[in-house]
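Spelled out from the first residue to the last, the chains are:
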Amino acid sequence: MFNDIGALELVTIVVLAILIFGPDKLPKVIQDVSGMIRKLRSFSDSAKQDIRSELGPEFKDFEFEDLNPKTFIRKQLTENEDLKEIRSSFDLRKELNDVTDAVNSKDAAPAPAAPATPAASTGPDLLKKPSAPAPETRTPFDADAT
């Protein structure tokens, strides 16, 4: 519950509690807060038990933590036998080395040359720099509009 509170935050909370409640009332406040937390936990546990009993025997292994999407996905990925088989058969390092060797290979066949004439190509020549439009066909620049 409080896994992300550091030492400095804890000291700050204690100092603020002493300043707000005073050293006389602080033990009573701590008792009240801890009692409230115990009641909330018991209420939560009884609600979970009621829900499990209402769901029936087919949901006997149901865990409320599984409703968290991260936990659900992690559980499905680790318990699925088909995925375990796929994961064990796939070697990422080998695949990357094969691709690297294919890219860096000296004896690979050269890539086919591009067509020599622009008329033979099916689209515009993207390597050729487009010519600038004539000054009279340019749209006028309006400094007030920008």
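Parameters at a glance
- Residues numbered from 1 in each chain as written.
- Predicted model: local features only at pLDDT ≥ 70, side-chain atom pairs only at ≥ 80, totals over all residues.
- Heavy atoms only, no water.
- Helix = DSSP H or I, 4+ residues; strand = E, 2+ residues; numbered from the N terminus.
- Buried < 20%, exposed > 50% of the residue type's maximum accessible area, 1.4 Å probe, protein only.
- Areas by Shrake-Rupley, 256 points an atom, 1.4 Å probe, with all protein chains shown as cover.
- Axes fitted to C-alpha atoms, helices over the stretch in contact; angles between N-to-C directions.
- Parallel < 35°, antiparallel > 145°, perpendicular 65-115°, else oblique.
- Contact = heavy atoms within 4.5 Å.
- Nonpolar A, V, L, I, M, F, W, Y, C, P; charged D, E, K, R; others polar.
- Salt bridge = Lys/Arg side-chain N within 4 Å of Asp/Glu carboxyl O.
- Patch = residues over 30% accessible without salt bridge, like charges linked within 9 Å, V, L, I, M, F, W, Y side chains within 5 Å.
- pLDDT = per-residue confidence, 0-100.

Notes on the overall build of the chain
Part 1 of the reasoning: Of the regular secondary structure elements, the chain holds four helices and zero strands.
Part 2 of the reasoning: When the helices and strands of the chain are listed from N to C terminus, the series reads α-α-α-α.
Part 3 of the reasoning: Every one of the 146 residues in the chain was classed for burial, and the buried ones make up 5%.
Part 4 of the reasoning: Carbon and sulfur atoms make up 62% of the accessible area of the chain, which totals about 14,000 Å².

Re the packing of helix α2 (residues 69-79) against helix α3 (residues 81-89)
Part 1 of the reasoning: One way to put it is that α2 packs onto α3 with a least axis distance of 5 Å and a crossing angle of 70°. In terms of axis orientation, α2 runs roughly perpendicular to α3. Here Q76, L77, T78 and E79 of α2 come into contact with α3, specifically with E81, L83, K84 and R87.
Part 2 of the reasoning: Classifying every residue of the contact of α2 with α3 by side-chain character gives two nonpolar, two polar and four charged.

Some words on the pattern of salt bridges
Part 1 of the reasoning: Counted by the stated rule, this structure contains two salt bridges.
Part 2 of the reasoning: Among the salt bridges present, the one from D32 reaches K28, with a minimum N-O distance of 3.2 Å. Highlighted residues: D32 and K28, both in helix α1 (residues 7-55), separated by four residues, approximately one helical turn.
Part 3 of the reasoning: A salt bridge links D98 to K94; the shortest N-O distance between them is 3.5 Å. Of this pair, D98 and K94 are both found in helix α4 (residues 92-104), four residues apart, which corresponds to roughly one turn of the helix.

Focus: a nonpolar patch on the surface
Part 1 of the reasoning: Together, V11, V15, L16, L19, I20 and F21 line one region of the surface with nonpolar side chains, adding up to about 600 Å² of accessible area.
Part 2 of the reasoning: As for its position among the elements, V11 is in helix α1.

As for the confidence of the model for the chain
Part 1 of the reasoning: Per-residue pLDDT for the chain has a mean of 78; in total, 81% of the residues score no lower than 70.
Part 2 of the reasoning: Put simply, α3 is where the chain has its lowest mean pLDDT, 72, and α1 is where it has its highest, 91.

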